[in-house]
Amino acid sequence: MLVALGGLLIVVMFAYVMLGPVIFGPDLVYKALINQAEEVHHRISVWEVRVPRVLIAALSGAMLSSSGALLQSVLRNPLAAPATVGVTQGAVLGAVLALVFTFGSEGALDDLNFLVPWAATSGGLAAGTVVYVLSYRRAGTDPIRLILTGVVVAAALSSVTSFLVLISGSHIDSIVRWLVGSLSTRTWDHLVFLAPVAALALPLVVWVIPLANALQLGDSTSVSLGLRSELARAFILMTAVVLAAGSVSVVGGVAFLGLIGPHLARTLVGSDLRRLLVCSALVGAVILVCADLLARVFSLDWIPLVDIRTESGSRVPVGAFTALVGAPFFLYLMREGKR
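All of these numbers come straight from a predicted model, not from anything done at the bench. (Residues numbered from 1 in each chain as written. Predicted model: local features only at pLDDT ≥ 70, side-chain atom pairs only at ≥ 80, totals over all residues. Heavy atoms only, no water.)

**Focus: the overall build of the chain**
A count of helical and extended segments in the chain gives 13 helices and 2 strands. Counting the 339 residues in the chain, one finds 53% classified as buried. If you sum the accessible surface of the chain, you get close to 15800 Å²; carbon and sulfur atoms cover 69% of it. (Helix = DSSP H or I, 4+ residues; strand = E, 2+ residues; numbered from the N terminus. Buried < 20%, exposed > 50% of the residue type's maximum accessible area, 1.4 Å probe, protein only. Areas by Shrake-Rupley, 256 points an atom, 1.4 Å probe, with all protein chains shown as cover.)

Take a look at the structure:
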């Protein structure tokens, strides 16, 4: 199954590079990838526009989905996700603060300047820390209390973000697109920031897998196995926060991906995190690449339904498509949970 998902990811990434305002054939894409394209603009379109964007989509989707898998496992709650523990909202608030204070910098809103990813990552980490501290009691952190605290903190952070959006004036369009989640204008510079975060999180993920597997059995069982459950939970939550905050800092607040990715993966490989995390990463990568491909297709001039470009000429944000799929899936989970 994992091999099949890996093959599917390669196929959809190659299709992503082929499709766009100008459709390239497989042979042209191959020549451009090996730097033997006959036309210079073909190589530029492939290497400078489509390849970095699809790599960012795959890596960001893998990080968000893996974060959701860790949160759902350690909190033993099928509705746990980066957004429900406030990490997404914290990262978004950090990015919006950076955007608001860089209005004077040309291109600061259309392209992530050096300050925005750092501010977003810091905001996500800070939000995760606040949620954990507020939910902590002398007996430890109860998963249900942590989720409830996360929902409250997320609502408070979203309120602050909404206020900043309202006072942003003429730049509101650019900020809202980023809040929804978008891969537009993403380049190799953004991948240079995202890749080290993923590389930092990878050994942490490998290290916490046995801890998370033990915590899935319950605190009493994990303690009887010699595990310090509260310390293990803190490390696992930190790893999930790093993954989510790093992803949101580059692609924005893509909705529902951290929720639906792990659930789809769990139906394929079960709950053992040794397989679940890998499968979740692949599923999340496939979903975000496909969603952004749809966003690009629906932004083309030949779509006859409606002019969906904004006044600034921006494209349809990828978060609109993940929300379109994720919202019904969320309602389905809620209905199943009542049975």
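**Things to note about the confidence of the model for the chain**
This prediction gives the chain a mean pLDDT of 81; 86% of its residues lie at or above 70. The lowest-confidence element of the chain is strand β2 (residues 140-141), averaging 71 in pLDDT; the highest-confidence one is helix α12 (residues 273-297), averaging 91. With pLDDT under 50 throughout, residues 104-112 is counted as low confidence; its partners more than four residues away or in other chains account for 18 contacts. pLDDT under 50 marks residues 301-314. Its contacts with residues more than four places away, or in other chains, come to 14 contacts. (pLDDT = per-residue confidence, 0-100. Contact = heavy atoms within 4.5 Å.)

**Examining helix α11 (residues 257-269)**
The end-to-end C-alpha distance of α11 is 18 Å, a good match for the 18 Å that 13 residues give at a rise of 1.5 Å each. Every buried residue of α11 is accounted for by Leu-257, Gly-258, Leu-259, Ile-260, Gly-261, Pro-262, His-263, Ala-265 and Val-269. Of the residues trailing α11, Gly-270 is marked for its positive phi of about 90 degrees. (Expected span 1.5 Å × (residues − 1).)

**Focus: the nonpolar core**
Burial of nonpolar side chains together is a common tendency in soluble globular proteins. Leu-9, Leu-75, Ile-236 and Val-289 are the most contacted members of the largest nonpolar core, which has 100 residues in total. Sort the elements by how many residues they give to this core and α12 lands first, with 15 residues. Contact partners of Val-289, with chain neighbours within four places excluded, come to Leu-9, Val-12, Met-13, Tyr-16, Val-54, Ala-57 and Ala-58. (Core = buried A, V, L, I, M, F, W, Y, C linked by side-chain atoms within 4.5 Å.)

**Quick word on the side chain of Ser-67**
With respect to the helices and strands, the residue Ser-67 is situated in helix α3 (residues 40-75). Those residues within four positions of Ser-67 in sequence are excluded, and the remaining contacts are Pro-82, Ala-240, Leu-243 and Ala-244.

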